[in-house]
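One-letter residues, chain by chain:
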Amino acid sequence: MSRVPGWLGRAGTGLTHMGERLDRRKAEVEAEAEDDVTADLPASAPLPAPAAPENVPPPPAYAPAVAARPDPVAAIPWGIRVAGEAAWRLLVLAGTLWVLMRVISAVQLVVLAFAAALLITALLQPTVAWLKRFGVPRGVATALTAIAGFVLMGLIGWFVVWQVLENLDDLSNRVTDGIDELKRWLLNSPFHVTEKQINDIANNLSDAVGTNTEEITSAGLQGVTVMVEFLTGALLAMFSTLFLLYDGKRIWRWTLKLVPAQAREGVAGAGPRAWHTLTAYVRGTVLVALIDAVFIGLGLYFLDVPLAVPLAVFIFLGAFIPLVGAVISGALAVVVALVTDGVFTALMVLAVVLAVQQIEGHILQPFILGRAVRVHPLAVVLSVAAGGLVAGIGGAVVAVPLVAVTNTVVGYLRSYSQEQALRQASAAAEPPAPADGPAAEPPAPPERPGTPVPAPAPVATDTLAGQE
């Protein structure tokens, strides 16, 4: 009896091994059958789907049908998708411009100095070219032009300071007399101003000056800092002008190497046009400002307004800030005439300033500047305001030529891209030319009795010039 459990265990083990061998054999037979079915099917025929498991019950008949969910992209309306695509691109562009403005603000002195150097170079470069045509070496022509230009600017500044110092005593006396005359006019005017009110205003102004002494002192210290920055910027502008006059072409060619190769041709064509616009703007503005300063200065001189020459120079400098500069400089001349010579002289000065500015706006600028730097007045006002907010007076001076140059570059690049598109379209429409020899005729189709031979289709011959 003790041997029965061992015999039963061995028998169970043998049956287990036999069942495993039978399962493996069954799997091999099924695999061979599937291979035979796949081999009999063609290469493009889909493989037979595996049989569904028998233990999954079918859905009940009363179960509701569930529709397939649409693609999320297709569920969004087309207008919203377009707005979203444009919005993230505008956000990237705005972020780029913000970073660029932060960088410019960090190096504002260098940027303004280089911009001033570009304007001065645009003014002096024709003189260098004129000297080179007479055989003067490039270095000597550059040195002579730069030295003459900077000496002339320095003499103008010295002359203005000298005139102010010479006429300061006379101006202070005439200002005192003008204030007394203005006080008498207010007392006798229909505004019913009393002497007590005028004295109260004077006392309030005196108290304000005494109270804000600390602020005035700090403003003076800031003025010293501004003067140091101005001298530093002037030196940077001088050195930049020298190198731009001497080696401007090589600098431009080096700059083109920084542009991607695909856009290099278009930028190379836009550069000379931008420089032409800048030079036309600078020369035209200098000529218009000189005419304004001469005629308004003559009017101030004949009306016996003090500081006529310094005011004329200030009007000349103010003309470089379109619209705003002319208003401020003209208002200053009117105020000086009002304080020193009375109401009648101030009205005469106002008439002279308005007449000269009307002639400038309607005759001089369209005739001298022409279409090279045509910018809409709204763009001028907005650019001057934005430049003044970003970089003060220097930004207001640079804003309008920057907008004019940008307008020229954008217009040229748009025309260039359209021309390239037309060239590609015309090249795609023309048949490919053979490597050598005349154009080979297409082989004629075999003739059949009673079948007419079709004529060859006409070849498109539209070219870029014809389309233009």
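Report on the accompanying structure. (Residues numbered from 1 in each chain as written. Predicted model: local features only at pLDDT ≥ 70, side-chain atom pairs only at ≥ 80, totals over all residues. Heavy atoms only, no water.)

### Observations regarding the overall build of the protein chain
Across its full length, the protein chain carries 14 helices and zero strands. Within the protein chain, the proportion of its 468 residues that are buried is 22%. When contacts within the protein chain are restricted to residue pairs at least 6 apart in sequence, those whose partners lie at least 24 apart make up 70%. Total accessible area computed for the protein chain in this model is approximately 33,900 Å², and 69% of it derives from carbon and sulfur atoms. (Helix = DSSP H or I, 4+ residues; strand = E, 2+ residues; numbered from the N terminus. Buried < 20%, exposed > 50% of the residue type's maximum accessible area, 1.4 Å probe, protein only. Contact = heavy atoms within 4.5 Å. Areas by Shrake-Rupley, 256 points an atom, 1.4 Å probe, with all protein chains shown as cover.)

### Some details on the pattern of salt bridges
By the definition in use, this model includes three salt bridges. Two residues, aspartate 247 and arginine 250, come together in a salt bridge whose shortest N-O distance is 3.6 Å. One end of the pair, aspartate 247, and the other, arginine 250, are both in helix 8 (residues 213-257), three residues apart, so they sit about a helical turn from each other. Across the pair arginine 423 and glutamate 419 runs a salt bridge whose closest N-O atoms are separated by 2.8 Å. (Salt bridge = Lys/Arg side-chain N within 4 Å of Asp/Glu carboxyl O.)

### Comments concerning a nonpolar patch on the surface
Nonpolar side chains collect at one region of the surface, where Trp98, Val99, Val103, Val107, Leu109, Val110, Val111 and Leu236 lie side by side and expose about 670 Å² of accessible area between them. Relative to the helices and strands, valine 103 is located in helix 3 (residues 78-106). Classification of valine 103 as partly exposed rests on a relative accessible area of 47%. (Patch = residues over 30% accessible without salt bridge, like charges linked within 9 Å, V, L, I, M, F, W, Y side chains within 5 Å.)

### Overview of a positive patch on the surface
A cluster of like positive charges, contributed by Lys132, Arg138, Lys249 and Arg253, occupies part of the molecular surface. Summarising the element assignment, arginine 138 is placed in helix 5 (residues 138-166). (Lys, Arg positive; Asp, Glu negative; His and termini not counted. Charge placed at Lys NZ, Arg CZ, Asp CG, Glu CD.)

### Some words on the packing of aromatic side chains
Throughout the structure, instances matching the rule amount to three aromatic pairs. Where tyrosine 301 meets phenylalanine 302, the ring centres are 5.6 Å apart and the plane angle is 70 degrees; that geometry is what we call edge-to-face. According to the relative accessible area criterion, tyrosine 301 is exposed, its value standing at 58%. With a relative accessible area of 67%, phenylalanine 302 lands in the exposed category. Consider the rings of tyrosine 412 and tyrosine 416, whose centres lie 6.2 Å apart with planes at 20 degrees: the pair is stacked. With tyrosine 412 and tyrosine 416 both in helix 13 (residues 377-429) and four residues apart, this pair spans about one turn of that helix. (Phe/Tyr/Trp six-rings, centres within 6.5 Å; stacked < 30°, edge-to-face > 60°.)

### Things to note about the nonpolar core
With 14 residues, the main nonpolar core has Ile296, Leu300, Val305, Leu311, Ala333, Ala337 and Val349 as its most contacted residues. Counting residues per element, the ones that place at least two in this core are helix 9 (261-302), helix 10 (308-318), helix 11 (324-341) and helix 12 (343-368). The residues contacting leucine 300, other than those within four sequence positions of it, are Val305, Ala308, Leu311, Ala333 and Val349. Judged by nonpolar contacts, the second largest core, of twelve residues, contains Ala122, Ala274, Ile321 and Ala396. (Core = buried A, V, L, I, M, F, W, Y, C linked by side-chain atoms within 4.5 Å.)

### Topic: empty space enclosed by the protein
If you roll a probe as big as a water molecule over the atoms, it shows you where there is empty space left. Under the criterion given, the structure shown has one cavity of 30 Å³ or more. Around the largest cavity, the lining residues are Asp292, Ile296, Ile315, Gly318, Ala319, Ala326, Ser329, Gly330, Val353, Gln357 and Glu360. Breaking the lining of the largest cavity down by element, the ones donating at least two residues are helix 9, helix 10, helix 11 and helix 12. Looking at the lining of the largest cavity, its residues break down into five nonpolar, four polar and two charged. (1 Å grid on protein atoms, 1.4 Å probe; cavity = no way out; pocket = protein on both sides within 12 Å on 5 of 7 lines; lining within 4 Å. Points joined across faces, edges and corners; volume = space filled by probe spheres on them. Nonpolar A, V, L, I, M, F, W, Y, C, P; charged D, E, K, R; others polar.)

### A short note on unusual backbone geometry
Positive phi outside glycine occurs at aspartate 304, with the angle close to 60 degrees. Along the chain, the position of aspartate 304 falls in the loop between helix 9 and helix 10.

### Remarks on the side chain of serine 329
In this fold, serine 329 is placed in helix 11. The class of serine 329 is buried, set by a relative accessible area of 3%. Ignoring sequence-local partners within four residues, the contact set of serine 329 consists of Phe314 and Ile315.

### Considering the packing of helix 5 against helix 10
The contact between helix 5 and helix 10 brings their axes to 8 Å, and the two run at 140 degrees. Judged by the angle between their axes, helix 5 and helix 10 are oblique. The handedness of the crossing between helix 5 and helix 10 is left-handed. Here Ile156, Phe159, Val160, Gln163 and Val164 of helix 5 come into contact with helix 10, specifically with Val309, Pro310 and Val313. Residue classes in the contact of helix 5 with helix 10 are distributed as seven nonpolar, one polar and no charged. (Axes fitted to C-alpha atoms, helices over the stretch in contact; angles between N-to-C directions. Parallel < 35°, antiparallel > 145°, perpendicular 65-115°, else oblique. Left-handed = near helix turned anticlockwise from the far one by under 90°.)

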